[in-house]
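# Summary of structural features
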Amino acid sequence: MLGALRRKVATGGSSASVLGKSLQVIRPSVSASRVSSNAGKEILLLQPRGIVHVRDFSHLVLPGCSAGLTKTSDVFSSIQSETIMQKSRRAFSSGDGELVDAVVPFMGESITDGTLATFLKKPGDRVSADEPIAQIETDKVTIDVVSPQDGVIQEYVAKEGDTVEPGVKIAVISKSAEGAAPAAPAEKKSEKAASKPSPPPEAVKEDKPKAKVEASPAVEKPKAPAPPPPKRTATEPVLPPKERERRVPMTRLRKRVATRLKDSQNTFALLTTFNEVDMTNLMKLRSDYKDAFVEKHGVKLGFMSGFVKAAVSALQHQPIVNAVIDGDDIIYRDYIDISIAVGTPKGLVVPVVRDAEKMNFAEIEKTINGLAKKATEGTISIDEMAGGSFTISNGGVYGSLLSTPIINPPQSAILGMHSIVSRPMVVGGNVVPRPMMYIALTYDHRLIDGREAVFFLRRIKDVVEDPRRLLLDV
C-alpha cells in the first residue's frame, strides 16, 4: 500500500485523495510508516487511535475535514485543538456507546483526592441522570458521585474505602436494562474453581514420607524450656479482653479536624478570658417580637444573630482581634466574615457568614439557618467554608456550662457561648434570679494583649445586655 502511495504522489496524484484513502488503513500498530512527497520533512501525526509518522509531504487532509489542502504548519495546531476538544467532552462515554462511566467529579481547588465512603445504589439498580450513586468523603465535605445518564448500574469498578482522584471511574452504567451483565456467571465460575476435586489422598500420603526422609539427616537441637509466665501482682491492673474492643478507621474529616486543632495548639500562644452575660434584655426582646419577626421575615429570631451583631461591634472596636499574623507581618482585615461552628453527625464544620457587618438580624438568621441545614445534610460546599476572620462556637445548645474553645486557624480568636442558667445575682442591692451565660474568648497572645481581649469581651457583654447600644452606636 505504501509503495502504491509513493507512486501516486510521485506521478502528481492528488495528495488529498491518496492520503484520505491511505490514512484509513493505517493501524495503531504501524509506528514508523513512511509516505513520500516533495517537502522532504517528517512530522508526527497524532490521531485518536494511534501515532503515525508521515514523511515527505507538505499538505495534509485531517480526518473529518473537507477535501481542501491544509498546510503542515497548521497540522499541529489543528491536531492539538482536536485533542483538547476530545478531552473536554464528557468523560462518561464508553467505546460502544451503550455503556457510560460514572467518574469522580471535581472536588475543589484545594482537594486532590478523597475516600470512597459508601455506595448509595447496588449493581442492577435503575438510576436517573444526575442521581447520586455514591459518596466521596474529603477533608472538608462529602461529595456525591452522580449517574451521567438514565440507565442501570452494571458494575462498580472501585471498592468502599478506596482513595480516588477526580476523573477516576468508579462505576459502569448501561443505558438499557439488557446491558446490565448478571452476576451469576461470575459466581458460577468461582463455584467451579472452588469445586475442583482435591488431589487423591494417596498422593498426599506419598508426599509426607518423602518429606520425612529428606528431613531426617538434620539433627534437631533440644528446645530450651519456656520461661514461666510472670506472676501478676496485686496492684497490676486487669485489662479487658480484646474481644470487647472495636477498631474503626478515622474518617478523612475527623483526621483533618484533629490535625488542624493540634496545629492550632502547637502554633498559637493560646489564652482564654471569661465573662458572664445577663440575658434578660435579649430574651425579652426575642419574646416581644418573635411572632412579628417570623411573619415579616419568614425565619425565627434566635440568640445567634444577637451575638453575631455583638461580635461585629466588638471587632470594629478592637480591630486587632480581626487581624492575623503572617510571617513577620500583621494583616488587618477590613471585612468581617464570621465563622459559625456547626456539629454534624460526621464531624465539625465551620461555614462562614460573609460580610456580617452589612447584615441585619433577619439576614444573619437566614444565612445561618441555610448553612446549618446544608452542613447537616452534607451538601455544603468548599467555598461556603473557606476563609473567615473570627469564629463563634455555641456549646450551649449541647448544655455546656463552661469551656475553653480552640482557635480555628488561621484566625486569631474564637468566642465560646454556653448554656443559659438561672443564677442568683445582686441587682440594685437585692438578690434576684437572672438568666446568665458564661462567655469565653480564646485568643492568640502573640498578637492580642490581655487588655484588648478583655475590652473585646466586655463590649460583647454590654451589647447583649442592652441591644439598644447597636441603634445608638454607643
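Right, let's walk through the structure included here. (Residues numbered from 1 in each chain as written. Predicted model: local features only at pLDDT ≥ 70, side-chain atom pairs only at ≥ 80, totals over all residues. Heavy atoms only, no water.)

### Examining the packing of aromatic side chains
Using the criterion set out here, one finds two aromatic pairs in the structure. Here the guanidinium or amino end of Arg 423 rests over the ring plane of Tyr 438, the centre of that ring lying 4.2 Å away. (Phe/Tyr/Trp six-rings, centres within 6.5 Å; stacked < 30°, edge-to-face > 60°. Lys NZ or Arg CZ within 6 Å of the ring centre and 35° of its normal.)

### Details of the pairing of strand S6 (residues 114-119)
As paired strands, S6 and strand S11 (residues 163-164) are joined by two bridges and run antiparallel to one another. Bridge assignment links Thr 115 to a residue of S11, and that residue is Thr 163. With four bridges connecting them, S6 and strand S8 (residues 132-137) associate as antiparallel partners. Note on S8: the bridge partner recorded for Leu 116 is Ile 136. (Pairing = 2+ DSSP bridges. Helix = DSSP H or I, 4+ residues; strand = E, 2+ residues; numbered from the N terminus.)

### Looking at the sheet that holds S8
Taken in spatial order, the four strands make up an open sheet running S9-S8-S6-S11, and their pairing is antiparallel. In the strand order of this sheet, the two ends are held by strand S9 (142-146) and S11, each with one partner. Alignment of S8 against S9, held across five bridges, turns out to be antiparallel. The partner of Gln 135 across the bridge, within S9, is Asp 144.

### Some words on the layout of surface pockets
Estimates place the volume of the largest pocket at around 1200 Å³. Lining the largest pocket are 47 residues, with Ala 341, Val 342, Leu 348, Val 349 and Val 350 positioned closest to its centre. Of all the elements in the fold, those that place two or more residues in the lining of the largest pocket are helix H6 (252-267), helix H8 (303-317), strand S16 (338-340), strand S17 (342-344), strand S18 (347-349), helix H9 (361-377), strand S20 (390-394) and strand S21 (413-417). Considering every element that reaches the lining of the largest pocket, the biggest residue donor is H6, with five residues. (1 Å grid on protein atoms, 1.4 Å probe; cavity = no way out; pocket = protein on both sides within 12 Å on 5 of 7 lines; lining within 4 Å. Points joined across faces, edges and corners; volume = space filled by probe spheres on them.)

### A word on the nonpolar core
Counting residues in hydrophobic clusters, the biggest one holds 70 residues, and the most contacted among them are Ile 133, Phe 307, Phe 390 and Ile 392. Sort the elements by how many residues they give to this core and H8 lands first, with nine residues. (Core = buried A, V, L, I, M, F, W, Y, C linked by side-chain atoms within 4.5 Å. Buried < 20%, exposed > 50% of the residue type's maximum accessible area, 1.4 Å probe, protein only.)

### Here we look at the environment of Glu 160
With respect to the element layout, Glu 160 can be found in the loop between strand S10 (151-156) and S11. The exposure class of Glu 160 is partly exposed, given its relative accessible area of 47%. Spatially, the C-alpha atom of Glu 160 lies 7.9 Å from that of Thr 115, the residues being 45 residues apart in sequence. Every residue in contact with Glu 160, bar those within four places of it in the chain, is listed here: Leu 116, Ala 117, Thr 118 and Phe 119. (Contact = heavy atoms within 4.5 Å.)

### Section: the pattern of salt bridges
Tallying each qualifying case throughout the model produces twelve salt bridges. In this structure, Asp 288 engages Lys 284 in a salt bridge whose closest nitrogen and oxygen atoms are separated by 2.9 Å. With Asp 288 and Lys 284 both in helix H7 (residues 280-297) and four residues apart, this pair spans about one turn of that helix. The class of Asp 288 is partly exposed, set by a relative accessible area of 46%. The partner of Arg 468 in a salt bridge is Asp 466, with the nearest N and O atoms 2.9 Å apart. A residue is classified by how much of its surface remains accessible, and Arg 468, at 58% relative accessible area, is exposed. (Salt bridge = Lys/Arg side-chain N within 4 Å of Asp/Glu carboxyl O.)

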